[in-house]
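# Reading the structure
Given next are the chains, with one letter for each unit.
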Amino acid sequence: MPSSINFKHLYYFWVIAREGSLVAASRELNLAPQTLSGQLASLESQLGGLLFKRQGKQLVLTHLGHTTLKYADEMFRVAEELKHVTSMITTQQTIKVSVGISASIHKLFAYRMLEPAMKLERQVDFSCQTGKVDYLVQELDHHRFDIVLADRLPTIQRSSSIHWYKLEESTISLFAAPSLAKDLRSRFPKSLHGQPFLAATLDSPYFHQLMQWLSNQGIKPVVRAEIDDSALIKVFGAHGLGVFAAPTIVADEVCRQYQVESIGNIDVVMEHLFAITRSRLSGNLAVEAICKRYQR
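Right, let's walk through the structure included here. Being a predicted model, the structure only gives us computed values, none of them experimental.

Okay, the environment of Trp164 next. Secondary-structure assignment places Trp164 in strand S6 (residues 163–176). Given the relative accessible area of 25%, Trp164 is considered partly exposed. Taking the C-alpha atoms as reference, Trp164 lies 36 Å from Ala41; in sequence the two are 123 residues apart.

In this section: the pairing of strand S2 (residues 58–61). Working note: regular strand, side chains alternate between the two faces of the sheet. Burial of S2 is one-sided: the residues Leu59 and Leu61 facing one way are buried, the residues Gln58 and Val60 facing the other way are not. Sheet topology places strand S1 (residues 52–55) next to S2; 4 bridges connect them, and they run antiparallel. What sits directly across from Arg54, in S2, is Leu59. The antiparallel hairpin formed by S1 and S2 contains 2 residues in its connecting segment, where Gly56 sits at a positive phi of about 65°.

Let us look at the packing of helix H2 (residues 22–29) against helix H3 (residues 33–47). Between H2 and H3, the shortest axis-to-axis distance is 9 Å and the interhelical angle comes to 105°. What the angle tells us is that H2 and H3 run roughly perpendicular. Facing H2, whose interface residues are Leu22, Ala25, Ser26 and Leu29, H3 presents Pro33, Leu36 and Ser37. Of the residues contributing to the contact of H2 with H3, the split by class is 5 nonpolar, 2 polar and no charged.

Time to look at the packing of aromatic side chains. The description of an aromatic ring pair rests on the distance of the ring centres and on the angle between the ring planes. Under the definition given, this model contains 6 aromatic pairs. Between Tyr11 and Trp14 the ring centres are 5.7 Å apart and the planes differ by 45°, which places this aromatic pair in the tilted class. Separated by 3 residues within a single helix, Tyr11 and Trp14 lie in helix H1 (residues 7–19), roughly one turn from each other. Look at Tyr11 and you get partly exposed, because its relative accessible area is 29%. By relative accessible area, Trp14 is classed as buried at 1%.

Conventions and cut-offs
Residues numbered from 1 in each chain as written. Predicted model: local features only at pLDDT ≥ 70, side-chain atom pairs only at ≥ 80, totals over all residues. Heavy atoms only, no water. Helix = DSSP H or I, 4+ residues; strand = E, 2+ residues; numbered from the N terminus. Buried < 20%, exposed > 50% of the residue type's maximum accessible area, 1.4 Å probe, protein only. Pairing = 2+ DSSP bridges. Axes fitted to C-alpha atoms, helices over the stretch in contact; angles between N-to-C directions. Parallel < 35°, antiparallel > 145°, perpendicular 65-115°, else oblique. Contact = heavy atoms within 4.5 Å. Nonpolar A, V, L, I, M, F, W, Y, C, P; charged D, E, K, R; others polar. Phe/Tyr/Trp six-rings, centres within 6.5 Å; stacked < 30°, edge-to-face > 60°.

What is shown is where atoms sit, not what they do.
The structure is reproduced here in structure tokens:
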């Protein structure tokens, strides 16, 4: 191993590994693929071995490549965090935070988790996008999000440095339009048998728990619609199209905002909310405010 490494070449390797190909990395870096290939070869010569091997048209990391990437991840992540922190301290600029939010999370619940960032003395500008958890975490790993709010942990963690915090949890309550809620409340939960249900998504962990609990009680509701947006499902419910579930912790706000009524609470079914970041040190004051009181 040489006494010094060309850090520009190492950075190019890091981007190639992160993007998955020379072509994608060349677009990210605004350099020709041939130029990147030459810089990569120079780094491999320095390190004394190949960092990638070709499998068809794909570049696959070698053992040396995996080891080098692990250290490069830490080096450049810390460098980016240092840049953000020093810039915010010296310029007092507006804090920008990009948030990925699992589509199945109830948005009132997610809003509660973002509130600590809204209470900072500095102005915070939010950019929020919803999607599936694994996609959002992939984008987080590519530095397109600063934090992801999810109701489950990702099935695949592309980066070993991805860190998570359990933010909050709540039991689940069931809601419906007033006329339907009145009929179902008296014999709850048996009254739910054969009734129309609205599912935020069948992949939602709490929904699996809910369906299992109902089945254990001999109750078989009918899923009328599967909707991947938690706000839209409440609109459907408010118009009397079926029963829907939401965290008990935001029950009052759900009833007020959507003009629905609570049918009952199921205290053995829980929804959990996680914050997922690239590392324990985020370098973003808004992210730190969201995670601060939950750090393990």
